[in-house]
Amino acid sequence: MEIKEGKNRFYVTDAVGHEIGEVTYSAVRDSVLSIDHTVVDPQYRGRQIAQQLIKAVVDKAVGDHKQIIPACSYAKAQFARVKDYQQIEFKG
């Protein structure tokens, strides 16, 4: 499974090209992204796809020297669990 990047999103497709998961984000300011939505097709849940999608946004933010607002419930849960993510969480 390969994570692909689109406009303000990362997504994953199955072997035949059907989209099975996505995370969307938006720019709140020049230096802050908001993770707005995370979804994975129910038949693919439990395979850590959503975690990988969140990590893709985090990696992008780190590379671009930005912070993140985890707005969707899944992103909030991941930021609460993963201590490294808390270092780039926007607290303003």
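Source: prediction; values computed, not measured.

Cut-off values and rules
Residues numbered from 1 in each chain as written. Predicted model: local features only at pLDDT ≥ 70, side-chain atom pairs only at ≥ 80, totals over all residues. Heavy atoms only, no water. Helix = DSSP H or I, 4+ residues; strand = E, 2+ residues; numbered from the N terminus. Contact = heavy atoms within 4.5 Å. Pairing = 2+ DSSP bridges. Axes fitted to C-alpha atoms, helices over the stretch in contact; angles between N-to-C directions. Core = buried A, V, L, I, M, F, W, Y, C linked by side-chain atoms within 4.5 Å. Buried < 20%, exposed > 50% of the residue type's maximum accessible area, 1.4 Å probe, protein only.

Engineer: So what about the environment of proline 70? Which residues, and what values?
Structural biologist: Considering the arrangement of structural elements, one finds proline 70 in strand E5 (residues 67–70). Measuring from C-alpha to C-alpha, the distance between proline 70 and alanine 80 comes to 9.7 Å, with 10 residues separating the pair along the chain. Apart from the residues lying within four places of it in its own chain, the contact partners of proline 70 are Ile35, Ala75, Lys76, Phe79 and Glu89.

Engineer: Which residues make up the sheet that holds strand E4 (residues 32–40), and what values go with them?
Structural biologist: Each strand in a sheet pairs with its neighbour through backbone hydrogen bonds, running either in the same direction (parallel) or in the opposite one (antiparallel). Spatial strand order, E1-E2-E3-E4-E5: 5 strands in an open sheet with mixed pairing. Among the strands making up the open sheet, the edge pair consists of strand E1 (3–6) and E5. Here the average twist between neighbouring strands, direction ignored, is 25°. In the packing of helix H2 (residues 73–81) onto the sheet, the strands contacted are E4 and E5, and the crossing angle to E5 comes to about 120°.

Engineer: Residue-level account of the nonpolar core, with values.
Structural biologist: A general feature of soluble globular proteins is that nonpolar side chains tend to end up buried together. Counting residues in hydrophobic clusters, the biggest one holds 23 residues, and the most contacted among them are Ile35, Ile54, Ile68 and Phe79. Where this core is concerned, the elements lending two or more residues are strand E2 (9–13), strand E3 (19–29), E4, helix H1 (49–63) and H2. Broken down by element, this core gets its largest block of residues, 8 residues, from H1. With near-sequence residues (within four places) excluded, phenylalanine 79 lies in contact with Ile35, Ile54, Val58, Ile68, Pro70, Tyr85, Gln86, Ile88 and Glu89.

Read these as spatial facts, not as claims about activity.
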